[in-house]
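# Residue-level structure breakdown
Each chain, letter by letter, is given below.
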Amino acid sequence: MAETFQTDAIVLRRNNLSEVDRFYVVYTAHLGKMSLMAKGIRKTKSKLAGHMEPGSLVRIMIARGRRSDKLAGAALSEHFSQLQSSFLGMTVLQTILEFAHLVTKEQYRDVALFHKFVDGLSFFDSWFGQTLPTTEKTHLRLEVFFFHLLHHLGYRPELESCVICRKDILDNAIFDFERSGLAHAEHYPVKRAGDVLQTQTVQALQSLSSHLVSEDFLPVSTSNALVPILQRFREHTTEAPLKSLVGLRNM
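Residues numbered from 1 in each chain as written. Predicted model: local features only at pLDDT ≥ 70, side-chain atom pairs only at ≥ 80, totals over all residues. Heavy atoms only, no water.

### What to know about the overall build of the protein
- In terms of regular secondary structure, the protein is built from seven helices and seven strands.
- Taken from N to C terminus, the helices and strands of the protein fall in the order β-β-β-β-β-α-α-α-α-β-β-α-α-α.
- Principal axes of the C-alpha set define a box for the protein whose edges measure 65 × 40 × 30 Å.
- By residue count, 46% of the 251 residues in the protein fall in the buried class.
- Partitioning the contacts of the protein with sequence separation of at least 6, the portion at a separation of at least 24 is 56%.
- Summed over its atoms, the accessible surface of the protein is roughly 13,100 Å², and 49% of this surface lies on carbon and sulfur atoms.
- Looking at the protein, you have 29 positive and 26 negative side-chain charges, and the mean spots of the two groups are 9 Å apart. (Helix = DSSP H or I, 4+ residues; strand = E, 2+ residues; numbered from the N terminus. Buried < 20%, exposed > 50% of the residue type's maximum accessible area, 1.4 Å probe, protein only. Contact = heavy atoms within 4.5 Å. Areas by Shrake-Rupley, 256 points an atom, 1.4 Å probe, with all protein chains shown as cover. Lys, Arg positive; Asp, Glu negative; His and termini not counted. Charge placed at Lys NZ, Arg CZ, Asp CG, Glu CD.)

Encoded structure:
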């Protein structure tokens, strides 16, 4: 008899395998990312299909197998319905799922990271339920959220001192993506005027550690300057763009 166990999970993606079977990728609280076979889940009488929509938080039962693990049961915990109710919200949900799939490893346990993803989904779901966010604010909050997740994973840019001379930094700074941190502009003989950051942008970067997904502490001009820096840092760190964000930028 196959070994079974239960765990909480976020459904990241699914693929149809046959007329009745489906393949799922989930991010679990206790075993990290897993690939699961769901036999017969596409049958009309299947009770599991409605619980396993991408973006859902579920309590699942997994049957361990020699060749593949199988989905043995599922109960829906949270559907994040506010994100599901608009095109912008769906874009946010898809972007978070894509990012989770990109930065997590198969069966690498990180309970804290799992809960950070759940907290992020809950935050955005509540935010969309309370207001009608603009595309600009949504993009900023996503990038700040991803920055904190990367920080948890160990990708921590140097923001307090110059990555070259190690002196404190505030004015006349450039973000060096190769060295992963701020540097004094005088260390770069060839630079574009737009590369030098305003003091308030540097201060905003240095304040990120105490602000999870809120942009309320930022002036509008600083918010506009912060997004491309955070986006480029994310893409440089993960070595991949997020395809779901293309739709957001085109809104």
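### Quick look at the pattern of salt bridges
- Counted by the stated rule, this structure contains six salt bridges.
- Salt-bridge contacts for Asp 21 lead to Lys 39; the nearest nitrogen and oxygen are separated by 3.4 Å. With Asp 21 in the loop between strand 1 (4–16) and strand 2 (22–28) and Lys 39 in the loop between strand 3 (32–38) and strand 4 (57–63), the pair connects residues that are 18 residues apart, well separated along the chain.
- Linking Asp 69 and Arg 64 is a salt bridge whose minimum nitrogen-to-oxygen distance equals 2.8 Å.
- What makes Asp 69 buried here is its relative accessible area of 7%.
- Classification of Arg 64 as partly exposed rests on a relative accessible area of 25%. (Salt bridge = Lys/Arg side-chain N within 4 Å of Asp/Glu carboxyl O.)

### What about the sheet that holds strand 1?
- Here five strands make up a closed barrel; going around it, the order is 1-2-3-5-4 and the pairing mixed. Taken over all neighbouring pairs, the strand axes of this sheet differ in orientation by 50 degrees on average, direction set aside.
- In the sheet, strand 2 pairs with strand 3 via seven bridges, with the strands oriented antiparallel. In the strand pairing of strand 3, Tyr 27 is matched with Lys 33.
- Lying over the sheet, helix 2 (residues 87–103) contacts strand 1, strand 2 and strand 3, oriented at roughly 110 degrees with respect to strand 1. (Pairing = 2+ DSSP bridges. Axes fitted to C-alpha atoms, helices over the stretch in contact; angles between N-to-C directions.)

### Considerations on unusual backbone geometry
- Look at Phe 80: it is not a glycine, yet its phi comes out positive at around 50 degrees.
- Its place among the elements puts Phe 80 in the loop between strand 5 (69–78) and helix 1 (81–84).
- Of note, Glu 239 is a non-glycine position whose phi angle comes to about 60 degrees, a positive value.
- Mapped onto the elements, Glu 239 comes out in the loop between helix 6 (220–238) and helix 7 (244–249).

### Remarks on the pairing of strand 3
- The element strand 3 is largely enclosed, with a buried count of five among its seven residues.
- Between strand 2 and strand 3, which pair antiparallel one after the other, the connecting turn spans three residues.

### Considerations on the packing of helix 3 (residues 111–130) against helix 4 (residues 135–152)
- At a minimum axis separation of 11 Å, helix 3 and helix 4 run at an interaxial angle of 170 degrees. Taken together, the axes of helix 3 and helix 4 lie roughly antiparallel to each other. In this structure, helix 3 meets helix 4 at a crossing whose hand is right-handed. Residue-level contacts link Ala 112, Leu 113, Lys 116, Phe 117, Gly 120, Phe 123, Phe 124, Trp 127 and Phe 128 of helix 3 to Lys 137, Thr 138, Arg 141, Leu 142, Phe 145, Leu 149 and His 152 of helix 4.
- A class-by-class count of the residues in the contact of helix 3 with helix 4 yields 10 nonpolar, three polar and three charged. (Parallel < 35°, antiparallel > 145°, perpendicular 65-115°, else oblique. Left-handed = near helix turned anticlockwise from the far one by under 90°. Nonpolar A, V, L, I, M, F, W, Y, C, P; charged D, E, K, R; others polar.)

### Some thoughts on the environment of Met 34
- Residue placement: Met 34 occurs in strand 3.
- The exposure class assigned to Met 34 is buried, which follows from its relative accessible area of 0%.
- Separated by 72 residues in sequence, Met 34 and Glu 106 place their C-alpha atoms 5.7 Å apart.
- The contacts of Met 34, once residues within four sequence positions are left out, are Phe 5, Tyr 24, Val 25, Val 26, Thr 28, Ile 62, Arg 64, Asp 69, Glu 106 and Gln 107.

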